[in-house]
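# Observations on the three-dimensional arrangement
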Amino acid sequence: MSGVGLAHNTLVVAAGVAAVGFAAGVVGSLCVLRKRALVGDAAAHATLVGVAVAFLATGRRDLPTLLLGGLASACVGLGALVLIRRWTRTRDDAATAIVIGVGFGLGIALISGIPAWGYPDSAGLETFLLGHTAALTARDAVVLAAVAAAALAVVVAAFKESVLVAFDAAFAAASGWPVTAIDCLIVVLVATMVVVGLPAVGAVLVTALVVIPPVAARFWTDRASTMLALAGAIGLVSALVGVAVSASRPGLATGPLVVLAAAAWFVVSFLAAPGRGWIARRREAAAAGRSWDEGLVIDACLRLTGGGASAHADAEATGAFTEEGAIAAAAGDRADGRAAAARAWSAVVVAGLVEPAAAGRWRLSTAGRATAAARRQRVEAWLRLFAEDPDAARGLATVDLTGASGLSSAIRS
Amino acid sequence: MPLAEMLVDGDSAGAFSAHGAIHAWAMATAAVVAAACGLVGTLLVVRRLSLLGDAIGHAVLPGIAVAVLFGGRPGGPLVILGAAAAALVTVWLTQAIRAAGGPAEDAGAGVVFTTLFALGVVIVALAPAGTHLDAGCVLHGDLAFLPFDTVPVAGVEIPRACLAGVVTLVVLAAAAAATWRLQAFVAFDPAAARAAGLPVAAATAGLLGATAVATVASFDAVGAVLAVALLVVPAAAAELLTRRLHRMAILAMLLGALGGCVGYLAAWRWNTSAAGMIAVVLGLEYLAAALLAPDDGWISRGVSRLRLGWRVACEDRLAAAWRSEEAGVPSLPSAGGVTRRAADGWLRLRGRLTSAGGRWRLTPTGRREAEMIVRSHRLWETWLGRHADLPADHLHPPAEWVEHHLGAAMRRRLEAETVGHTSDPHGRGIPPEA
Amino acid sequence: MTVAAAGVQTVVDGSREPLLEFHDVTVAYGRRPVVWHVDLAIDAPCLFGIIGPNGAGKSTLLKAALGLVPVVGGRVRFFGAPLDRVRPRVGYVPQRETVDWDFPVSVMDVVLMGTYARLGWFRRPGSKERRLAAESLDRVGLADLVGRQIGRLSGGQQQRVFLARALAQQADVYLLDEPMAGVDVRSQEEIFRVLGELRRDGRLVVVVHHDLRTAAEWFDRAALIDMRLVASGPTAEVLTPDNLRRTYAGQLEILDEVGRAVAERGRTS
């Protein structure tokens, strides 16, 4: 094969796998939202049986045949899951584990047996275990991409219905929507994506392709449509990275590489996403905590100089106090109060809210008195609101903890 | 697999006996390892931690791989340590992710265990040649080869994997016996256990550590992915067969061991992966349990439904005969319909009805029984009429089916709660208790 | 067939049908009956309360009416017809706990869901639906929270979002399952005000409710349920000491045991 032909082949394969990654992320999002993340796992482990049976029955090793077999057995596995849940006492999670274990066992038994049973031309079915894109042809990739595109089209068409059922199945059913059918649709779509992902990622790990991108995407957005698109993008990139690395090191199976790429995205999302990421939350909590502590220091200063009871008293609060006294008053009885109060004191000094007075003592500056007064007014306003409409008041306070404008910044300002 | 070819031969008997010792050791290993997993799996299943067991099964791989890279021997203490560490990391990560605002439940576990498994596979693939791991082993173990790696114990060459399995089983069984009450309490009601001040977290940690240990022990036999089959399937089958936890555990161990042996033999017979066939056999055991379980099995449910239908048919005939007598017609004509005719025949056989010129009459025994049925019916109508806001013409249909489910004690209670009503809402008398 | 001008179309083929009718309804979980032989008909628009102790089957009855739980005996009719034929005319506000409030949808998204049934398959909500949703949000006083993700709402606000969603359904009968649970008094009064408006507009509002004191104030008519119907009618006539004793002092054990015997296909002792 000419060099150009080879490069073209690789590109087409890469494009096909990327399409699969994208569609898997989108379809998987629906499952994750529906709280059925590991249904894909059951389907995935059950596909091997179908792949092996398809080969045994038809003697053909072309991808469409094998994948059709895989899809059929995935559906059988999912059907078994439903039967177990409906007709036995076995709990849901155990039922999923049973389908995973027994389905995979049967698949392994068949795939291991085929070479030993003397079938010529049977090598290569093991690539479905961990994925091996180097074996894909351009034609295969086109088929995969076509199926992925079809699944995407279904999701886009039935988007509002899927989100409705995932969010509130009871309301959907009461409104007349066929919830069971829609659930079935989502599950079949996931099974399809799992099957289509087999050549690239393998049966054992393909569930990661439908679980990790949605989970990562969730950190970045609060809108369902954005989450689906983002999950698709993450899936696409992960698939490409996995394929690229696997192409450069032919001994490595593709599956684990794709999964690790997706996992890297997850770690980045988990840590760095604005708003919901871990770093952002810690910073937010720290800022809220700091502003709270600073507020306590200001309050303490005000109390020490006779203010706090009214606007008039505030205006008269020009007395002096010691740093030690202010910190102690702000710390109160709390175990770790001293350290926090000391830190807050430094911040208050830096912000110019207190200024040195005579004899090594301190007093509130003009800015400090203004801040204290504003703070008192806002707290009173909140209390008034609470007395009238506790819900709105609580809503205000809740929102603050998660970062919208509100009380904490009001106190801070 | 050259060994498998060696073992397989057209005439099973000859080939089998020639390598009997090998088979015996392989089966023993499988049995012992499956029993250990079944024991741990019982608690996992009852505590709804099956998928965590699956996750641990996958996630111990990097722990094992790293330990082997550092010179640990398969089944040796370093490997067990590595696996236990990986298991705890899995659990901790899943919890930490959820606590930090990540996805709940399954999704979080899915992220963690696939990532760790992928990591493990990559480590194994990048490991220098000559280490004890390879991808195939990871995925489905290598039971047939195990008997060849032996250690001398008291002068006998015992396969290392079998020895490790036995030690694991003994240790886990001892630990289970020692902490059984605690584990059982926590399994059935974690909230109450916590409220009672019991160390729930420690019990859970212990259980998950035991899962890791059992997974390691089974790693050589069935690989990482199929450990879930050994952990969950026998325990789930046992759960269908009994409701007592300790019996469940014992059954799970027995079913696991049985599956291990039969699975191995089947794999030998059909020349395929032992791990796979073991999982298949365990699945068949589960199916059998679902079918045959005494109370909940599909067969017994079907039978109980048929028996109820039959009892209802017979009781309806008796009641009809009695009502007919009450109305002044002392005998009941033969019924149309196969079921009713069969019921009549059966009642005659049991001495409740006698034949009188093509029609049926009640015998004294039959009359007593029929009276109790009508009594149940009318008591229920009276009780419903008093305690539910139902008009009189709506009372008959409910009583029609409830009458078959009331026993003597319940009838007395109904009578007590409807004191003052000697006749039903339709004005008909209620027969006294026999 | 006549159509009332601003009210509910209750005259069908010249005959008056009850707005909502339970005819000898028995509901079972699995094989076990939990609600027995409820016979209840509501003929005119009103604020109707279904009251009873915990676990008495009130929510179960509502769910059975909506087809969410199977009815094993009897039937439920809306405007004289089975639910499937008149679904657009029945609105539902489920319990708040049924939903994961961390779901990535905004307040507007949730209220728009009330318009989906009339849109049908594959069509996206357009400006007409958005206007309707905005109006519904305005009626419950949440107009300025349109874009907020639903997890960032307080309990009362979440309940009002559900109510707005039901309003967007533009139904004639509204079924609400414990709308006041976990909601502070002020928000309860808000919600009750909206329900009163609905009743004035000629709609039937059926509410499963747990608080006797407010029930006596709020509802025109009520039904006391404790695994079976104890009494129904105008609230003052229903909430008598005798009825309350029969409901809350519990004849549960008998129905419980018989239910279990039925489930096990055997006899009680």
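Residues numbered from 1 in each chain as written. Chains lettered and ligands numbered in written order. Predicted model: local features only at pLDDT ≥ 70, side-chain atom pairs only at ≥ 80, totals over all residues. Heavy atoms only, no water.

### A few points about the confidence of the model for chain B
All names here are of chain B. For clarity, the threshold we go by: The pLDDT value tells you how sure the predictor is about a given residue, anywhere from 0 up to 100. Whether two residues touch is decided by their heavy atoms; if any such pair falls within 4.5 Å, the residues are in contact.
Looking at chain B, pLDDT values average 84 and 92% of them are 70 or higher. Taken as a whole, residues 1-15 scores under 50 in pLDDT and shows 16 contacts with residues more than four places along the chain or in a different chain. For this predicted complex, the interface confidence comes out at an ipTM of 0.90, alongside a pTM of 0.84.

### Looking at the interface of chain A and chain B
Definition in use: Two parts placed together each lose some accessible area under a 1.4 Å probe, and the buried area is that loss summed for both. The salt bridge definition used is simple: a Lys or Arg side-chain nitrogen within 4 Å of an Asp or Glu carboxyl oxygen. Any N or O atom pair separated by 3.5 Å or less is treated as a polar contact, with the protein-specific requirement of one donor-capable and one acceptor-capable atom, and with residues adjacent in sequence counted only for side-chain atom pairs. Secondary structure elements are taken from DSSP: a helix is a run of H or I of four residues or more, a strand is a run of E of two residues or more, and numbering for both begins at the N terminus. Throughout, the ten residues Ala, Val, Leu, Ile, Met, Phe, Trp, Tyr, Cys and Pro are labelled nonpolar, Asp, Glu, Lys and Arg are labelled charged, and all others, Gly among them, are labelled polar.
If you look at the interface, chain A gives 51 residues, while chain B gives 55 residues. Interface area for chain A against chain B, summed over the two sides, is near 4400 Å², with a carbon-plus-sulfur share of 73%. Broken down residue by residue, the surface that chain A buries against chain B is led by Leu 38, Arg 89 and Arg 91 of chain A, which jointly contribute 17%. The interface formed by chain A and chain B includes one salt bridge. For Arg 91 of chain A, the salt bridge goes to Glu 239 of chain B, with nearest N and O atoms at 2.5 Å. Inspection of the region where chain A meets chain B yields eleven residue pairs in polar contact (both at pLDDT 80 or more). Elements with a contribution of two residues or more to the side of chain A that touches chain B: helix 2 (39-58), helix 3 (63-87), helix 4 (92-116), helix 5 (127-130), helix 10 (206-218), helix 12 (254-272) and helix 13 (278-304) of chain A. In terms of residue count, helix 4 of chain A provides more of the side of chain A that touches chain B than any other element does, 17 residues in total. Of the residues belonging to the side of chain A that touches chain B, the class tally is 34 nonpolar, nine polar and eight charged.

### Some words on the interface of chain A and chain C
In this complex, chain A contributes 37 residues to the contact, which on the side of chain C involves 39 residues. When the two sides are added together, the surface that chain A and chain C hide from each other amounts to roughly 3300 Å², 60% of it contributed by carbon and sulfur. Across the pair Asp 168 of chain A and Arg 165 of chain C runs a salt bridge, and its minimum N-O distance is 2.8 Å. Counting across the chain A and chain C interface gives twelve residue pairs in polar contact (both at pLDDT 80 or more). Looking at the side of chain A that touches chain C, the elements that each hand over two or more residues are helix 6 (138-157), helix 7 (159-167), helix 8 (169-174), helix 11 (224-248) and helix 18 (390-401) of chain A.

### Regarding the packing of helix 3 (residues 20-46) of chain B against helix 10 (residues 200-222) of chain B
Residue and element names in this part refer to chain B. Spelled out, the test is: For helices, the fitted axis covers only the stretch in contact; all axes are lines through C-alpha atoms, and the angles between them, taken along N-to-C directions, range from 0 to 180 degrees. Under this scheme an angle from 65 to 115 degrees is roughly perpendicular, one under 35 degrees roughly parallel, and one over 145 degrees roughly antiparallel; angles in between are oblique. By convention, the crossing between two helices is left-handed when the near helix turns anticlockwise from the far helix through less than a right angle, and right-handed when the turn is clockwise.
It is the contact of helix 3 with helix 10, at a shortest axis distance of 9 Å, that shows an interaxial angle of 155°. What the angle tells us is that helix 3 and helix 10 run roughly antiparallel. As helix 3 runs across helix 10, the sense of the crossing is left-handed. Here Val 33, Cys 37, Val 40, Leu 43 and Leu 44 of helix 3 come into contact with helix 10, specifically with Leu 207, Leu 208, Ala 210, Thr 211, Ala 214, Ala 217 and Ser 218. For the contact of helix 3 with helix 10, the class distribution of residues is ten nonpolar, two polar and no charged.

### Re the environment of Ala 289 of chain B
Residues and elements named next belong to chain B. Operational definition: For the exposure calls, accessible area comes from a 1.4 Å probe over protein chains only, and a residue counts as buried if that area is under 20% of its type's maximum, exposed if over 50%, partly exposed in between.
The topology assignment puts Ala 289 in helix 13 (residues 274-292). For Ala 289, a relative accessible area of 5% corresponds to the buried category. Here the alpha-carbon distance between Ala 289 and Gly 328, two residues 39 residues apart in the chain, equals 53 Å. Apart from the residues within four sequence positions on either side, Ala 289 is in contact with Ala 237, Leu 240, Leu 241 and Gly 297.

### Notes on the environment of Ile 191 of chain C
Residues and elements named next belong to chain C. Structurally, Ile 191 is set in helix 7 (residues 185-200). Its relative accessible area of 1% is what places Ile 191 among the buried residues. Expressed as a C-alpha distance, the spacing of Ile 191 and Arg 267, which sit 76 residues apart in the sequence, is 47 Å. Discounting residues that sit within four places of it in the chain, Ile 191 has contacts with Gln 159, Arg 160, Leu 163, Pro 179 and Met 180.

### Points about the sheet that holds strand 6 (residues 71-78) of chain C
Residue and element names in this part refer to chain C. The condition that has to hold: When DSSP finds two or more bridges between a pair of strands, those strands are recorded as paired.
Taken in spatial order, the three strands line up as 4-3-6 in an open sheet, and their pairing is antiparallel. Each end of this open sheet is capped by a strand with a single partner; those strands are strand 4 (32-42) and strand 6. Each strand of the sheet is rotated relative to its neighbour by a mean of 15°, with strand direction disregarded. Judged from the six bridges that link them, strand 3 (residues 20-29) and strand 6 form a sheet pairing that is antiparallel.

### Regarding the sheet that holds strand 2 (residues 354-356) of chain A
All names here are of chain A. An order of 1-3-2 is seen for the three strands of this open sheet, with the pairing classed as antiparallel. At either end of the open sheet lies a strand with only one pairing partner, and these are strand 1 (320-321) and strand 2. In terms of strand pairing, strand 1 meets strand 3 (residues 362-364) through two bridges, oriented antiparallel. Paired with Phe 321 across the two strands is Trp 362, which belongs to strand 3.

### A closer look at the pairing of strand 8 (residues 173-177) of chain C
All names here are of chain C. Heads up, the condition is: Look down the strands so they point away from you; if the path from the first strand over the helix to the second goes clockwise, the crossover is right-handed.
Counting buried positions along strand 8 yields five of five residues, so the element is predominantly enclosed. Burial along strand 8 is two-sided: Val 173, Leu 175 and Asp 177 and Tyr 174 and Leu 176, pointing in opposite directions, are all buried. Two elements, strand 7 (residues 90-93) and strand 8, share four bridges in a ladder whose sense is parallel. By the bridge assignment, Tyr 92 is partnered in strand 8 with Leu 175. Traced from strand 8 through helix 7 to strand 9 (residues 204-209), the parallel crossover comes out right-handed.

### Observations regarding helix 10 of chain B
Residue and element names in this part refer to chain B. Quick note on the threshold: Between the first and last residue of a helix there are one fewer steps than residues, each counted as 1.5 Å, and that sum is the expected span. Fitting axes to the seven residues that end at a residue and to the seven that start at it, the angle between those axes gives the bend at that residue.
Helix length check: helix 10 (23 residues) gives 31 Å between terminal C-alpha atoms against 33 Å at 1.5 Å per residue, within 8%. Along its length, helix 10 reaches its greatest deviation from straightness, about 30°, at Val 216. Taken across its 23 residues, helix 10 has 17 buried, putting it largely inside the fold. Looking at the residues trailing helix 10, positive phi occurs at Gly 223, about 75°.

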